[in-house]
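Residue strings, one per chain:
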Amino acid sequence: MRRIAILNQKGGVGKTTTTVNLAAALARLGYRVLVLDMDPQAHATLHFGVDPTTLDHSMYELLTSGTSLREAVRHLAPNLSLVGSHIDLAAAEVELVGVVGREVILRDLLRKELSCDEQGATPAMPLRCGATAFALTLDRDRHEPPDFLLMDCPPSLGILTLNALTAANEVLIPLQPHFLALHGMSKLLETIALVHQRINRQLRVTGVVLCMVETNTKLAAEVEADLRDFLERRRDSRLPWAEAVIFDTRIRRNIRLAECPSHGKTIFEYAPTSNGARDYFDLALELVRRHEGEHDAATAPTGAGVALQESARSEDQLDGASRQPSQHDATEPAICVGETKPAEGECTQ
Ligand SMILES: Nc1ncnc2c1ncn2[C@@H]1O[C@H](COP(=O)(O)OP(=O)(O)OP(=O)(O)O)[C@@H](O)[C@H]1O
Ligand SMILES: [Mg+2]
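Predicted, not measured: the structure shown is a model, and the values here were computed from it.

Asks: Explain the packing of helix α1 (residues 15-28) against helix α13 (residues 275-292) residue by residue, including any values.
Replies: How two helices pack is summed up by the angle between their axes together with the distance between the axes. It is the contact of α1 with α13, at a shortest axis distance of 8 Å, that shows an interaxial angle of 75 degrees. It follows that α1 is roughly perpendicular to α13 by the angle criterion. The segment α1 lies against α13, with T17, T18, N21, L22, A25 and L26 engaging Y280, F281, L283, A284, L287 and V288. Partitioning the contact of α1 with α13 into residue classes produces nine nonpolar, three polar and no charged.

Quick look at the structure:
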């Protein structure tokens, strides 16, 4: 199971947008995804169309009163589940101050509920999971933990973020390439290094995702060059970001991505042919490809319902954003993803 903390203590850089839409893209590729909303602002919860006040159990109860994942998880769509958040979670920072081992609560809970043991496996039950019942709520036909656990972190380096870093094996850093984008990066990497050194030797920074990119601007190119230089200068095999990359996929500024949270929909439900859907789908493929190698990524989609559109859609022009030459040339087909049915004749299966 890839356990990914989506983290940058800088606010408004695209963490939640990335968590929600990356999760939706991976789910549509056939991977089972569980999202943990670790932010008291509950933006990911709202983005998925879940009203935090309707949650019987949330991340707050999970961290403070031993509620099980099974009780807190909410099934959203095929392959996609959520443990939601609530403003109450802000109190956890204070309530956990005196609790011994407060940084490892989430890690221990996941170990207990999601770890699987291959010993004693049977064809009917290939893995004996610590929480088979939980696995059943994720997907009734598959008695396994999710393939991806995505944690949407708050814009701070407090106890909630520490719990995510301790439970994760990867960190994804969304970064908006603008003035002072790298300000705070040293502090972030320092925190990751400390957690790696003291609590979680598995932790590594997978990479930086450039979000809200204004294509063809000099500033974006300059920030990217600075970032590359920043990462290169800090390469050291002992450090958890020794192999961190800048993802080839850039998430362009796209008005549809800004609109979809207020509709409680992912970009694939709200605007499946937009640049935003295309970019997050590409990011999901890249995340898989970098991990498993080119061949596996090419075969990754299973029943994903991915259809290729013959020509670029006018939606691209609606966004007012030019397309990314590095990812798609002008004649490359656009993507219609998932179950959202395209207008007749627009997509070929
Ligand atoms: N690619 C994009 N194009 C246009 N708007 C975007 C894009 N990505 C995110 N946004 C918008 O920018 C704002 C900040 O994004 P988001 O909430 O994902 O950031 P965040 O890092 O999670 O913020 P916070 O630190 O408050 O948790 C939101 O209004 C979101 O809809
Ligand atoms: Mg957020």
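Asks: Could you give me a rundown of the packing of aromatic side chains, with the residues and numbers involved?
Replies: Within the structure shown, the criterion is met by one aromatic pair. Seen in terms of ring centroids, Y31 and F148 are 5.4 Å apart; in terms of plane orientation they differ by 85 degrees. Their pairing is edge-to-face. Placement of Y31 in the loop between α1 and β2 (33-37) and of F148 in strand β7 (residues 148-152) is noted, with a sequence separation of 117 residues between them. Across this residue pair, the class does not change: Y31 and F148 are buried. R290 extends its terminal NZ or CZ atom over the ring of F247, reaching a point 5.6 Å from the ring centre.

Asks: So what about the site of ligand 1? Which residues, and what values?
Replies: Around ligand 1, a shell composed of 17 residues is seen, among which K15, T16, T17, R252 and N254 lie nearest. Contact distances for ligand 1 include 2.8 Å between a nitrogen atom and a backbone N or O atom of N254. Isolated, ligand 1 exposes 620 Å² of accessible area, and the fraction of that covered by the protein chains is 81%. Every element with two or more residues in the shell around ligand 1 is listed here: α1 and α11 (255-259). The element contributing the most residues to the shell around ligand 1 is α1, with three residues.

Asks: Can you lay out the confidence of the model for the chain for me, pointing to particular residues and giving the numbers?
Replies: Overall, the predicted model of the chain reaches an average pLDDT of 80, with 75% of residues at or above 70. Taken together, the stretch residues 294-349 has pLDDT below 50 and engages in 107 contacts with residues farther than four places along the chain or on a different chain.

Asks: Tell me about the environment of T191, residues and numbers included.
Replies: Looking at the secondary structure, you find T191 in helix α9 (residues 185-198). For the pair T191 and L165, spaced 26 residues apart in sequence, the C-alpha separation works out to 9.3 Å. Sequence-distant contacts of T191, defined by excluding residues within four places in its chain, comprise L157 and L165.

Asks: Help me get a handle on the nonpolar core, residues and values and all.
Replies: The tendency in soluble globular proteins is for nonpolar side chains to be buried as a group. Core analysis: the biggest nonpolar cluster contains 53 residues, and L36, M59, L69, V83, L106, M151 and M185 have the highest contact counts within it. Ranked by residue count, the leading element in this core is α9, at six residues. Among residues more than four places away in sequence, those in contact with V83 are L34, V35, L36, D37, S58, M59, L62, L69, A72 and V73. Counting residues in hydrophobic clusters, the runner-up holds 38 residues, among them L82, L257, F268 and A271.

Asks: Report on the packing of helix α6 (residues 105-114) against helix α8 (residues 159-167), specifying residues and quantitative values.
Replies: Where α6 contacts α8, the axes come no closer than 7 Å and their chain directions differ by 40 degrees. The orientation of α6 with respect to α8, classified from their angle, is oblique. Packed against α6, whose contacting residues are I105, L106, R107 and L110, the element α8 presents N163, A164, T166 and A167 at the interface. Counted by class, the contact of α6 with α8 contains five nonpolar, two polar and one charged residues.

Asks: Give me unusual backbone geometry: which residues, what numbers.
Replies: Positive phi, close to 55 degrees, is recorded for A42, a residue that is not glycine. Note that A42 resides in the loop between β2 and α2 (43-47).

Asks: Got a sec to walk through the environment of I267? Specific residues and values, please.
Replies: With respect to the helices, strands and loops of the structure, I267 is situated in helix α12 (residues 267-270). On a C-alpha basis, the gap between I267 and A25 in space is 9.2 Å, while along the polypeptide they are 242 residues apart.

Asks: Kindly report on the pairing of strand β1 (residues 2-6), identifying the contributing residues and their values.
Replies: Across the five residues of β1, five count as buried, placing the element largely inside the fold. In β1, alternate side chains face the same way, and those of R2, I4 and I6 on one face and R3 and A5 on the other are all buried.

Asks: Outline the pattern of salt bridges, listing residues and values.
Replies: When charged atoms on two side chains of opposite charge get close, those side chains can pair. Taken as a whole and judged by the stated rule, the model has 13 salt bridges. E170 is paired through a salt bridge with R2; the nearest N and O atoms lie 2.7 Å apart. One end of the pair, E170, is in strand β8 (residues 170-175); the other, R2, is in strand β1, with 168 residues separating them in the sequence. Judged by relative accessible area, E170 falls into the buried class, the value being 2%. Of the residues examined, R2 reaches a relative accessible area of 8% and is grouped as buried. Between D147 and R32 there is a salt bridge, and its shortest N-O distance comes to 3.1 Å. Here R32 lies in the loop between α1 and β2 and D147 lies in the loop between α7 (132-138) and β7, a separation of 115 residues in the sequence.

Thresholds, definitions, all that
- Residues numbered from 1 in each chain as written.
- Chains lettered and ligands numbered in written order.
- Predicted model: local features only at pLDDT ≥ 70, side-chain atom pairs only at ≥ 80, totals over all residues.
- Heavy atoms only, no water.
- Axes fitted to C-alpha atoms, helices over the stretch in contact; angles between N-to-C directions.
- Helix = DSSP H or I, 4+ residues; strand = E, 2+ residues; numbered from the N terminus.
- Parallel < 35°, antiparallel > 145°, perpendicular 65-115°, else oblique.
- Contact = heavy atoms within 4.5 Å.
- Nonpolar A, V, L, I, M, F, W, Y, C, P; charged D, E, K, R; others polar.
- Phe/Tyr/Trp six-rings, centres within 6.5 Å; stacked < 30°, edge-to-face > 60°.
- Buried < 20%, exposed > 50% of the residue type's maximum accessible area, 1.4 Å probe, protein only.
- Lys NZ or Arg CZ within 6 Å of the ring centre and 35° of its normal.
- Near = heavy atom within 4 Å.
- Polar contact = N/O pair within 3.5 Å; in protein donor to acceptor, adjacent residues only side chain to side chain.
- Areas by Shrake-Rupley, 256 points an atom, 1.4 Å probe, with all protein chains shown as cover.
- pLDDT = per-residue confidence, 0-100.
- Core = buried A, V, L, I, M, F, W, Y, C linked by side-chain atoms within 4.5 Å.
- Salt bridge = Lys/Arg side-chain N within 4 Å of Asp/Glu carboxyl O.

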